[in-house]
Amino acid sequence: QVNLELNFYMNKTHEWQYCSLGGVIRVKIGSGEDLAHLGELDEKYWTVLSCPVADMQLDRRTLELLDSDKDGKIKVHEVISASEWLCSVIRDKDSILKSESVLQLDNIDRSSAEGERLYGSAVRILANLGLEESEISVEDASDSVAIFKNTVLNGDGIIIPATLEDEEGRKAVEACIATVGSVADRSGVQGVNAGLIESFYAACADYAAWYGRSESEAESI
């Protein structure tokens, strides 16, 4: 028993701080290092082990991202995964707990693939918005329409006339929009997707078949 307890304390890698909350002693998450070692904390020290995504006074989109298995609940392992990811891409871990709406680009840890991708995304968003800033805000990253407003190749699977360099291609897209409809591209411009293109060419085939029959009937008269 004594040896087991000694081994437990000798193998501890992080020293936790405690506070009294509602008359109950709880672990205090007060630093970035606390977040980095959250996975080492025994679950019996957690105030709750799960919470719903809905009906919480927190940003719904953030809660949905935390809910990695999409079961409508956020559980301990999902909170731990999120904290580990944050600590892997942010240099100053203490800044994570400051609830700031702005992230300095030089605070992104680019030593990992995830950090490099996060940095690249932030730079691209700022460039698309026409901003030359050393920081990115929640507002900057949230307005997808503004981010993609001036882009043509944005990976949304929708083709707009400006995407095509040849005139025939542009005319085909414009004819498709005029006859079978359109969908909004991320940039806000109307374009066509795979489903609309298939409908358009099916309609063209039907028209060609009908026209062919009409000519044959006219010739036989």
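Not measured: the values here are computed from a predicted model.

1. A short note on the overall build of the protein chain
- Helix and strand content of the protein chain: 9 helices and 8 strands.
- For the protein chain, the C-alpha radius of gyration of 28 Å lies well beyond 17 Å, the compact-globule estimate for 221 residues.
- C-alpha extents for the protein chain along the principal axes are approximately 105 × 40 × 35 Å.
- Here the contacts in the protein chain between residues at least 6 apart in sequence split such that 39% fall between residues at least 24 apart.
- Of the roughly 15,300 Å² that the protein chain leaves accessible, carbon and sulfur atoms contribute 54%.
- In the protein chain, 20 positive and 40 negative side-chain charges are present, and the distance between their average locations comes to 5 Å.

2. Some details on the nonpolar core
- Within the largest apolar cluster, 8 residues are counted, these being L105, I108, A122, I125, L126, I136, I147 and F148.
- Broken down by element, this core gets its largest block of residues, 3 residues, from helix α5 (residues 113-128).
- Each residue touching F148, except ones within four places of it in the same chain, is listed here: N154, R186 and S187.
- By size, the runner-up hydrophobic cluster in this structure holds 7 residues, among which are W16, W46, V76 and I80.

3. Here we look at the pairing of strand β2 (residues 24-28)
- Where strand β1 (residues 17-21) meets β2, 5 bridges bridge the pair, whose relative direction is antiparallel. Residue pairing for β2: L21 is matched across the bridge by V24.
- Connecting β1 to the antiparallel partner β2 that follows it, the hairpin turn spans 2 residues, and G22 within it adopts a positive phi of roughly 65 degrees.

4. Focus on the pattern of salt bridges
- Summed over the entire model, instances satisfying the criterion amount to 9 salt bridges.
- One salt bridge connects K75 with D69, and the closest N-O pair in it is separated by 3.2 Å.
- Counted as one network, the salt bridges with shared partners bring together D69, D71, K75 and E78.

5. Overview of the confidence of the model for the protein chain
- For the protein chain, per-residue confidence averages 87 on the pLDDT scale, and 90% of positions sit at 70 or higher.
- Counted against residues more than four places away or in other chains, residues 1-11, with its pLDDT under 50, gives 0 contacts.

6. Some thoughts on the environment of G120
- By the secondary structure assignment, G120 is in helix α5.
- With 61 residues separating them along the chain, G120 and G181 place their C-alpha atoms 35 Å apart.

Rules and cut-offs
Residues numbered from 1 in each chain as written. Predicted model: local features only at pLDDT ≥ 70, side-chain atom pairs only at ≥ 80, totals over all residues. Heavy atoms only, no water. Helix = DSSP H or I, 4+ residues; strand = E, 2+ residues; numbered from the N terminus. Rg over C-alpha atoms; globule rule 2.2 N^0.38 Å. Contact = heavy atoms within 4.5 Å. Areas by Shrake-Rupley, 256 points an atom, 1.4 Å probe, with all protein chains shown as cover. Lys, Arg positive; Asp, Glu negative; His and termini not counted. Charge placed at Lys NZ, Arg CZ, Asp CG, Glu CD. Core = buried A, V, L, I, M, F, W, Y, C linked by side-chain atoms within 4.5 Å. Buried < 20%, exposed > 50% of the residue type's maximum accessible area, 1.4 Å probe, protein only. Pairing = 2+ DSSP bridges. Salt bridge = Lys/Arg side-chain N within 4 Å of Asp/Glu carboxyl O. pLDDT = per-residue confidence, 0-100.

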